[in-house]
Amino acid sequence: MQAPGARLEDPTRGFEFGGWAMPYFDQAFGEEVDHVFQEKFDLLLGRKTYETFAAYWPYYEEDAPHGSIAQLFKNIKKYAVSRSGEVDMSWAGSVLLRGIADVKRLKQEDGPNLVTQGSTELVHALLANDLVDAISIFTVPVVLGAGKKLFADDAAPHSFKLTRSRISPNGLIVGHYEREGEVKIGDVSLDSPSKREIARQERMKREG
């Protein structure tokens, strides 16, 4: 999920493929982004993504293509989550949160939905603290080989149900999911495991 939009968006850790998603930004891609934005919401962003947005969207011409997003972001609250350090919060409508505890309190208050984009570290923290109610995943047919990942190992386990999906002509797959419940488990084991299977299981135990 690192730097999908621009070459210099996030070159940390030597990432060389900034802008990798843009060749796949077609009408379907844009319409599905609009679908995410169709209900009233506020933005909840990690510090790095907030700084990227704050350096871009306030300067984007509102009568240009996709200018409606610039107009939308202008009129909503932008919550930036940063544990420490100085953050320039001069983008109108911006509020600084100092950690996941502040996010939890905000989520319990009355108000519009909170939409997160990018924000790798924040997304990992939200998933780990069981604060995610819905996920929209845009899967692009590219293997990058490196870069920041959407899911980390400490995410709270949950199942999600698919509520909407779409495949664009250029291979983009979009899935919108809502939280459903606990992870369901199935088992295709034989009623009477073979000696070879028993040996395999014992080896797995020894190897940890």
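Preceding this section is the structure that the text describes.
So, here's what we can say about the structure. In this text the structure is predicted, and so the values were computed from the model without any measurement. (Residues numbered from 1 in each chain as written. Predicted model: local features only at pLDDT ≥ 70, side-chain atom pairs only at ≥ 80, totals over all residues. Heavy atoms only, no water.)

In this section: the overall build of the protein chain. A tally of regular secondary structure across the protein chain gives 6 helices and 7 strands. Written out in order from the N terminus, the α and β elements of the protein chain read α-β-α-α-β-β-α-β-α-β-β-β-α. In terms of overall dimensions, the protein chain has a C-alpha envelope of 70 × 40 × 35 Å along the principal axes. Taking the intrachain contacts of the protein chain between residues at least 6 apart in sequence as the baseline, contacts between residues at least 24 apart amount to 62%. Of the roughly 13900 Å² of accessible surface on the protein chain, 52% is carried by carbon and sulfur atoms. (Helix = DSSP H or I, 4+ residues; strand = E, 2+ residues; numbered from the N terminus. Contact = heavy atoms within 4.5 Å. Areas by Shrake-Rupley, 256 points an atom, 1.4 Å probe, with all protein chains shown as cover.)

The set of residues buried in helix H3 (residues 67-74) consists of Gly67, Ile69, Ala70 and Phe73. Buried residues of H3, viewed axially, fall in a sector of 155°; they line one side. Buried residues along H3 sit against helix H1 (27-36), strand S1 (41-46), helix H2 (47-54) and strand S2 (78-81). (Buried < 20%, exposed > 50% of the residue type's maximum accessible area, 1.4 Å probe, protein only. Arc of directions from axis to C-beta.)

Turning to H1, its buried residues number three or more, namely Ala28, Phe29, Gly30, Glu32 and Val33. You can read the cap of H1 off the contacts: a side-chain oxygen lies 3.2 Å from the backbone nitrogen of alanine 28, and it is on aspartate 26. (Polar contact = N/O pair within 3.5 Å; in protein donor to acceptor, adjacent residues only side chain to side chain.)

Looking now at the sheet that holds strand S3 (residues 94-97). Whenever strands of a sheet pair, they do so through backbone hydrogen bonds, lying parallel or antiparallel. Read across the sheet, 4 strands follow the order S3-S2-S1-S4 without closing on themselves; strand pairing throughout is parallel. Two strands close off the open sheet at either side, each with one partner strand: S3 and strand S4 (113-115). Sheet twist, expressed as the average angle between the axes of neighbouring strands with direction ignored, equals 30°. Where S1 lies against S4, 3 bridges are found, and the strand directions are parallel. The residue bridging aspartate 42 from the neighbouring strand is leucine 114, located in S4. Here helix H4 (residues 100-108) sits on the sheet and contacts S1, S2, S3 and S4; the angle it forms with S3, its principal contact strand, is near 125°. (Pairing = 2+ DSSP bridges. Axes fitted to C-alpha atoms, helices over the stretch in contact; angles between N-to-C directions.)

Another point: unusual backbone geometry. Phi at arginine 13 takes a positive value of approximately 60°, unusual for a residue other than glycine. Locating arginine 13 in the fold gives a position in the segment before H1. Positive phi values are uncommon outside glycine, yet serine 119 reaches one of about 60°. With respect to the helices and strands, serine 119 occurs in the loop between S4 and helix H5 (120-128).

On the basis of which strands lie adjacent, the open sheet formed by 3 strands has the order S5-S7-S6 and antiparallel pairing. At either margin of the open sheet sits one strand with a lone partner, and together these are strand S5 (134-139) and strand S6 (159-167). Between one strand axis and the next, the sheet turns through 20° on average, direction left out of account. With 6 bridges joining them, S5 and strand S7 (residues 173-181) adopt antiparallel strand pairing. Its bridge partner being in S7, alanine 134 is matched across the sheet by glutamate 178.

Shape descriptors only; they carry no functional weight alone.
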